[in-house]
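# A look at the structure
Take a look at the letters that make up each chain.
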Amino acid sequence: SDMDVKVEEWRGSRVESLPITTIAIHPTLGIALIARKNEGEKEDVIDLVNMRPEWMGVMNRRLSLGVKVEGVAWIGDKAVLACLDGTVQMISPHSNIIESTQVSPSPLFGVSSLGEGKAALISHSSLLYYFNVDEKIILKSISLGIESRLFSLATFGEDVAIGGLDSLWILNGGNEKKEMRLGRDALRMGTIVWSVSFVREGLLASGDSTGTVSLWNTKNATLITSILRHEADVLSLCVLNGKIYAAGVDPTIVVIEETSARVWKDTLTKRIVTRDVRSLCSWGNGVYGGGSDERVFTIRTKPQSLYFLPIHSNAVQCDGKYSLLTNTDHVLICNTKESPSVIAKIFSFHHLPITASCISLDGSIIGMATRESTSLYSFDGNSVIKVRGDLPPSSILICHPSSHLFIVCHNIIYRLETMEGELEEVFRLDCESLITNLSIDISSSSMCLITSRSTAYRITLTSPPSSSSLRVTLPIVSSFSSSSLFILSSYISSPSSPSLFSIHSSSSSSTSSFSSRSLFQSGFISSIASSSLGLLVSSDDSSWSIISPSSQVLSLSSSSKSTNSMERDILSLGFHNDSLRILSTQSLSPSLLPFKSKRFGMQ
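Counting from 1, residues in each chain are numbered in the order their sequence is written. In keeping with the model being predicted, local features are shown solely for residues with a pLDDT of at least 70 and side-chain atom pairs are shown and tallied solely at 80 or more, while totals for entire chains, interfaces and linings include all residues. Each side-chain value is derived from all of the structure's non-hydrogen atoms; neither hydrogens nor water enter the calculation.

The protein chain is annotated in an unreviewed UniProt entry as WD40 domain-containing protein from Pristionchus entomophagus.

### Digging into the overall build of the protein chain
Think of it this way: any DSSP run of H or I at least four residues long counts as a helix, any run of E at least two long counts as a strand, and we number them from the N terminus. Along its length, the protein chain carries two helices and 56 strands. When the 603 residues of the protein chain are sorted by exposure, 57% land in the buried category. Any two residues whose heavy atoms approach within 4.5 Å at even a single point are treated as in contact. Restricting to contacts in the protein chain with at least 6 residues of sequence separation, those with at least 24 account for 44%. When accessible area is computed with a 1.4 Å probe and restricted to protein chains, residues below 20% of their type maximum are described as buried, those above 50% as exposed, and intermediate ones as partly exposed.

### Some thoughts on the sheet that holds strand E33 (residues 330–335)
The strands making up a sheet are joined through hydrogen bonds of the backbone, oriented either antiparallel or parallel. Strand order in the open sheet formed by four strands is E31-E32-E33-E34, with antiparallel pairing between adjacent strands. Either end of the sheet is taken by a strand with one partner, and the two such strands are strand E31 (316–317) and strand E34 (341–347). Strands qualify as paired when DSSP identifies two bridges or more between them. Bridging between E33 and E34 involves six bridges; their strand directions are antiparallel. By the bridge assignment for E34, cysteine 334 is matched with valine 342.

### Details of the environment of serine 126
Tracing the chain through its elements places serine 126 in the loop between strand E11 (118–123) and strand E12 (127–132). For serine 126, a relative accessible area of 4% gives the class buried. Not counting chain neighbours up to four residues away, the residues in contact with serine 126 comprise Ile142, Ser143, Leu144, Gly145, Glu147, Ser148, Arg149 and Leu150. At 3.5 Å, the side chain of serine 126 forms a polar contact with the backbone oxygen of glycine 145. N or O atoms within 3.5 Å of each other form a polar contact, as long as, within protein, one can give a hydrogen and the other can take it, and as long as residues adjacent in sequence are counted only when both atoms are side-chain atoms.

### Looking at the packing of aromatic side chains
The pairing test for Phe, Tyr and Trp rings, Trp by its six-membered ring, is centres within 6.5 Å, and the orientation test on the planes gives stacked under 30 degrees, edge-to-face over 60, and tilted for anything in between. What the rule picks out here adds up to four aromatic pairs. Seen from their ring centres, phenylalanine 156 and phenylalanine 198 are 5.8 Å apart, and the 40° between their planes marks the pair as tilted. Residue phenylalanine 156 is located in strand E14 (residues 150–156), and its partner phenylalanine 198 is located in strand E18 (residues 193–200); the two are separated by 42 residues in the primary sequence. Ring plane angle 55° and centroid distance 6.0 Å describe the contact between tryptophan 283 and tyrosine 288, whose orientation is recorded as tilted. As far as burial versus exposure is concerned, tryptophan 283 and tyrosine 288 are alike and both buried. Distance and angle both matter: a charge sits over a ring if NZ of Lys or CZ of Arg is within 6 Å of the ring centre and within 35 degrees of the ring normal. When the ring centre of tyrosine 130 is taken as origin, the NZ or CZ atom of lysine 140, which lies over that ring, is 4.7 Å away.

### Comments concerning unusual backbone geometry
A cis amide bond links serine 463 to the next residue, proline 464, at an omega of 0°. With respect to the helices and strands, proline 464 occurs in the loop between strand E45 (456–460) and strand E46 (466–469). A positive phi is found at lysine 136, a non-glycine position, where the angle reads about 55°. The backbone phi angle of aspartate 166 is positive, close to 65°, even though this residue is not glycine. For aspartate 166, the location among the structural elements is in the loop between strand E15 (159–164) and strand E16 (167–171).

### Examining the side chain of aspartate 166
For aspartate 166, a relative accessible area of 6% translates into the label buried. Setting aside chain neighbours within four positions, we find aspartate 166 in contact with Met180, Arg181, Leu182, Arg184, Gly190 and Thr191.

### Looking at the confidence of the model for the protein chain
Values of pLDDT, ranging from 0 to 100, describe the predictor's confidence in every residue of the model. Averaged over all residues, the pLDDT of the protein chain equals 84, while 86% of them reach at least 70. When the criterion is pLDDT under 50, residues 559–567 qualifies, and its contacts beyond four places in sequence or with other chains add up to 19 contacts. Confidence drops under pLDDT 50 across residues 588–603; counting only partners more than four residues distant or on other chains, this segment forms 31 contacts.

### A look at the pattern of salt bridges
Only one rule defines a salt bridge in this text: a Lys or Arg side-chain nitrogen within 4 Å of an Asp or Glu carboxyl oxygen. Per the stated rule, a full pass over the model turns up 22 salt bridges. A salt bridge links lysine 37 to aspartate 44, with the shortest nitrogen-to-oxygen separation between them at 3.2 Å. Overall, the relative accessible area of 1% leaves aspartate 44 in the buried class. The salt bridge partner of aspartate 293 is arginine 275, with a shortest N-O separation of 3.0 Å. Within this pair, whereas aspartate 293 is found in the loop between strand E27 (286–291) and strand E28 (297–301), its partner arginine 275 is found in the loop between strand E25 (264–270) and strand E26 (277–283), the two being separated by 18 residues in sequence. Within this structure, Lys37, Asp44, Lys68 and Glu70 form a network of salt bridges that share partners.

### Concerning the sheet that holds strand E6 (residues 69–75)
Strand order across the open sheet formed by four strands is E6-E7-E8-E9, with antiparallel pairing between neighbours. Since the sheet does not close on itself, it has two edges, and those belong to E6 and strand E9 (98–102), each with one partner. Between one strand axis and the next, the sheet turns by 20° as a mean value, whatever way the strands run. In terms of strand pairing, strand E8 (residues 87–91) meets E9 through five bridges, oriented antiparallel. From the neighbouring strand, threonine 87 faces E9, where its bridge partner is glutamine 102. Note on geometry: axes are C-alpha line fits, over the in-contact stretch for helices, and angles between N-to-C directions span 0 to 180 degrees.

### Structural notes on the pairing of E28
Burial within E28 is extensive, with four of its five residues counted as buried. Pairing analysis gives four bridges linking E27 to E28, with the strands arranged antiparallel. Paired with valine 287 across the two strands is isoleucine 299, which belongs to E28. The turn linking E27 back onto E28 is made up of five residues, and glutamate 294 within it adopts a positive phi angle of 80°.

### Comments concerning the environment of phenylalanine 349
Mapped onto the elements, phenylalanine 349 comes out in the loop between E34 and strand E35 (356–359). Linking phenylalanine 349 and serine 375, residues 26 residues apart in sequence, is a C-alpha distance of 9.0 Å.

### Concerning the environment of glycine 574
Considering the arrangement of structural elements, one finds glycine 574 in strand E55 (residues 568–576). Using a relative accessible area of 0% as the deciding quantity, one classes glycine 574 as buried.

### A few points about the side chain of serine 197
If you trace the backbone, serine 197 turns up in strand E18. Judged by relative accessible area, which is 11%, serine 197 ranks as buried. Ignoring sequence-local partners within four residues, the contact set of serine 197 consists of Ala154, Leu204, Ala205, Leu237, Cys238 and Val239.

Okay, structure coming up:
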């Protein structure tokens, strides 16, 4: 109660992100692959996120593959990416191996599953490719005509639908091909079919550059109806429970469904973002989307709700003397002594996307990782000096108070005792999975790691180290206090009900648990961090609490969920000089062009 609580709202130091190009969520694993578009010739960024329905997403890892990504689909348990350099990149959620195959000499614009390890791909050269993902070979290619530009792709069983300029094509399991023509608003301006999606067998929806959603009978290639509710291009469609969700340059979400009289009508329009929606996908009981506003939003159907999905990551660290904000290709070192101010900026080598970063409590050590290497910098409060850049690429970096640096490289944990020292391997995960979260106790004698298969282990750093599996379901993040290990987790039976489990240092099962309801008036637990006072816990509705070593709960702030709190992100909790530091940012309002003066691809 005597603690000084300092709330810092940084309006000028927003954590930047990149526009979302496409989202694909694995139907059973619940892993979202989010492709983000980088500017100019810089390579795109891939985020793998573990989804928790109605609650939050948890960053699994960030990848950059040296390519520009246009389409994403899950084929079996592999994420398949269609890229502008004509390659197909394949990612496994539990492996660090990235497979790459050159499929086309021209850009690939879309990919969709054909089942049984096969994918359909479309290229800029008017070709449809049938591709075997497991054997990495082209099974066959079909030309859709000279100068027929292709923009969108969808599959249903063995049926393939392709959207192009002024045309739609339907191909069945054989080589039978049907073409459906669209009209033009103006003679010199063609109608682009930006998106296609099967509603059910024999029924296809398309969204085009006139703002129209059309429904087609694919068996006889006829138009059933057209619905014009958007003021600009419809860039994305998805189907959930027989309803069609549509959005685009006019970011209004329009829901279209079939009435009892078998007539298709728009029944709902919703607005959540201010700029282009580039991607919509359905998963479970909701629709997920994203675009130029950078954040993932979700539309729930039971009950009807629409909100931004918080994604937990370590983009901000505010423990200690300085704070570190991680952007796509640079980090900001911030002094929070008086008023928040940026005092140094460090760019990554060749402006490659940053996959991990860290800062020591006194600010003297800064670590930054890319797909090529991990670099270390020294900082004296005024100048930054690069000390070394020869460390292996890493997905997690931790500067421990003991001045040791811990580096996670896929499934191996290394320790570096001094900046110039040699890497020491302290633990290797034997099973086929990756380390997605790591926490270390204050004495640096034990650690807790969480894997991509949602398993938690406690590692005792004896010689040799020993490991024990912890009995928690769907662990997400962990943190040590002075006497206990805390793990934020949820149950398979109720994944929308997160709980915080306390595990004593001598036990493998939880001794007590805290639900979101026991800590906050409303909202879900979204972040945890350790301090000398106990465990700091924040929620997604701008509330925070402290759990003391004696398991007492001290509530420090509470705010009702409102439009204003939805626009604010609590990015990090920290502790320095007997002050609790809660760092949040206010989302900036983007400048808008009128929809009708804006074409796809313009910012």
